[in-house]
Amino acid sequence: MSIVLRPGTAADAAACGAVCYEAFKAIGTAHNFPPDFPSPQVASEILSMPLTHPGFYSVVAEDQGQIVGSNFLDERSCIAGVGPITVDPTTQNRGLGLSLMQDVLDRAARQQKAGVRLLQAGYHNRSLCLYTKLGFRTREPISTLQGKPLGRKFAGYEVRPATAADVAACNRVCVQVHGFDRGGELRDAIEQKRASVVEHL
């Protein structure tokens, strides 16, 4: 392989989405889990956001002009977020994942981020080994719950759409729980009408 790393662009969404879909499908199938994305088109739509958002850094790996991998760094908070990182299944086990990870970690260092976080599937031991080698430490398990919401309500608690007026209060809760806020991500989610808050009394 003759791999070249370059910044990602909006025009890369379809190719990156196809690689992303196939990569997650391959690892999920190998462990008897459903794919993370239902189709290459959905993966492309999801990746189009970090490829165009000014709060993200993106890197694309090409082999002879063909995209074979990508990675992203969410820079909207003091703790940067990595991913999704994907490598074409036909080019895995050749050090490409390491190169893509090192690129975003170098970027985080240049940006003087206080730390870097990522989320990975617990059944994917190979990537866990890579992340451990790069200095990441496992902090906590995360559960994915799927299905129709039960629609139950609890006395004294109200769930409602988040508004811009909620950002300061949400940031205080986030600092109490995590030690840093994610206000940039929250503001984007509010603008996209995808954020909710819970009020107690």
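Residues numbered from 1 in each chain as written. Predicted model: local features only at pLDDT ≥ 70, side-chain atom pairs only at ≥ 80, totals over all residues. Heavy atoms only, no water.

Looking at the overall build of the protein
When you go through the protein residue by residue, the secondary structure sums to six helices and eight strands. In sequence order, the protein lays out its α and β elements as β-α-α-β-β-β-β-α-β-α-β-α-α-β. Taken against the 2.2 N^0.38 rule, which gives 17 Å for 201 residues, the C-alpha radius of gyration of the protein at 18 Å falls within 12% of a compact globule. The contacts of the protein with a sequence gap of at least 6 include a subset with a gap of at least 24, amounting to 61%. Total accessible area on the protein stands at roughly 12,700 Å², and carbon and sulfur atoms take up 54% of it. The average position of the 21 basic charges and that of the 19 acidic charges among the side chains of the protein differ by 5 Å. (Helix = DSSP H or I, 4+ residues; strand = E, 2+ residues; numbered from the N terminus. Rg over C-alpha atoms; globule rule 2.2 N^0.38 Å. Contact = heavy atoms within 4.5 Å. Areas by Shrake-Rupley, 256 points an atom, 1.4 Å probe, with all protein chains shown as cover. Lys, Arg positive; Asp, Glu negative; His and termini not counted. Charge placed at Lys NZ, Arg CZ, Asp CG, Glu CD.)

Brief notes about the nonpolar core
Soluble globular proteins tend to pack their nonpolar side chains together in the buried interior. Within the largest apolar cluster, 18 residues are counted, with the highest numbers of intra-cluster contacts made by Leu 73, Leu 96, Leu 100, Met 101, Val 104 and Tyr 131. With six residues, helix 3 (residues 96–110) is the largest single contributor of residues to this core. When neighbours within four sequence positions are excluded, Tyr 131 is seen to be in contact with Ile 85, Met 101, Leu 118, Gln 120 and Phe 136. With eleven residues, the next largest nonpolar core counts Ala 13, Cys 16, Tyr 21 and Phe 72 among its residues. (Core = buried A, V, L, I, M, F, W, Y, C linked by side-chain atoms within 4.5 Å. Buried < 20%, exposed > 50% of the residue type's maximum accessible area, 1.4 Å probe, protein only.)

Some words on a nonpolar patch on the surface
On the surface, Phe 154, Tyr 157, Val 159 and Val 198 cluster together into a nonpolar patch covering about 460 Å² of accessible area. Within the fold, Val 198 resides in strand 8 (residues 196–200). Judged by its relative accessible area of 56%, Val 198 is exposed. (Patch = residues over 30% accessible without salt bridge, like charges linked within 9 Å, V, L, I, M, F, W, Y side chains within 5 Å. Salt bridge = Lys/Arg side-chain N within 4 Å of Asp/Glu carboxyl O.)

Comments concerning the packing of helix 1 (residues 13–30) against helix 2 (residues 40–52)
Relative to each other, helix 1 and helix 2 sit at 125°, their axes nearing to 7 Å. As the angle between them shows, helix 1 and helix 2 are arranged oblique. Here helix 1 and helix 2 pass one another in a crossing that is right-handed. For the pair formed by helix 1 and helix 2, the contact residues are Ala 13, Ala 14, Cys 16, Gly 17, Ala 18, Cys 20 and Tyr 21 on the first element and Pro 40, Ala 43, Ser 44, Leu 47, Ser 48 and Leu 51 on the second. (Axes fitted to C-alpha atoms, helices over the stretch in contact; angles between N-to-C directions. Parallel < 35°, antiparallel > 145°, perpendicular 65-115°, else oblique. Left-handed = near helix turned anticlockwise from the far one by under 90°.)

Quick notes on the pairing of strand 3 (residues 66–74)
Burial analysis of strand 3 places eight of its nine residues in the buried class, the great majority of the element. As defined by bridge partners, strand 2 (residues 56–63) adjoins strand 3 across eight bridges and the pair is classed as antiparallel. Bridge assignment links Ala 61 to a residue of strand 3, and that residue is Gly 69. In this structure, the hairpin formed by strand 2 and strand 3 is closed by a connection of two residues, where Gln 64 is found at a positive phi of approximately 55°. Of the strand pairs in this sheet, strand 3 and strand 5 (residues 86–87) are connected by two bridges, and their pairing is antiparallel. Bridging across to strand 5, Ser 70 finds its partner in Thr 86. The pairing of strand 3 with strand 4 (residues 79–82) spans two bridges and is antiparallel. Looking across to strand 4, one finds that Asp 74 is bridged to Gly 81. (Pairing = 2+ DSSP bridges.)

With respect to unusual backbone geometry
Omega for the peptide link from Gly 83 to Pro 84 comes to 0°, which places this bond in the cis form. Here Pro 84 is to be found in the loop between strand 4 and strand 5. Positioned with a positive phi, Gln 112 is a non-glycine residue whose angle comes to about 55°. Relative accessible area serves as the criterion here: at 70%, Gln 112 is assigned to the exposed category. Phi at Lys 193 takes a positive value of approximately 60°, unusual for a residue other than glycine.

Describing the environment of Asp 181
Structurally, the position occupied by Asp 181 is in the loop between helix 5 (167–178) and helix 6 (183–191). With a relative accessible area of 31%, Asp 181 lands in the partly exposed category. Distance from Asp 181 to Ala 168, taken between C-alpha atoms, is 9.5 Å for residues 13 residues apart in sequence. Residue contacts for Asp 181: discarding those within four places in its chain leaves Ser 77, Asn 171, Cys 174 and Val 175. At a separation of 2.9 Å, a polar atom in the side chain of Asp 181 contacts the main-chain amide nitrogen of Gly 183. (Polar contact = N/O pair within 3.5 Å; in protein donor to acceptor, adjacent residues only side chain to side chain.)

Everything listed here is a matter of geometry and, on its own, says nothing about what the molecule does.
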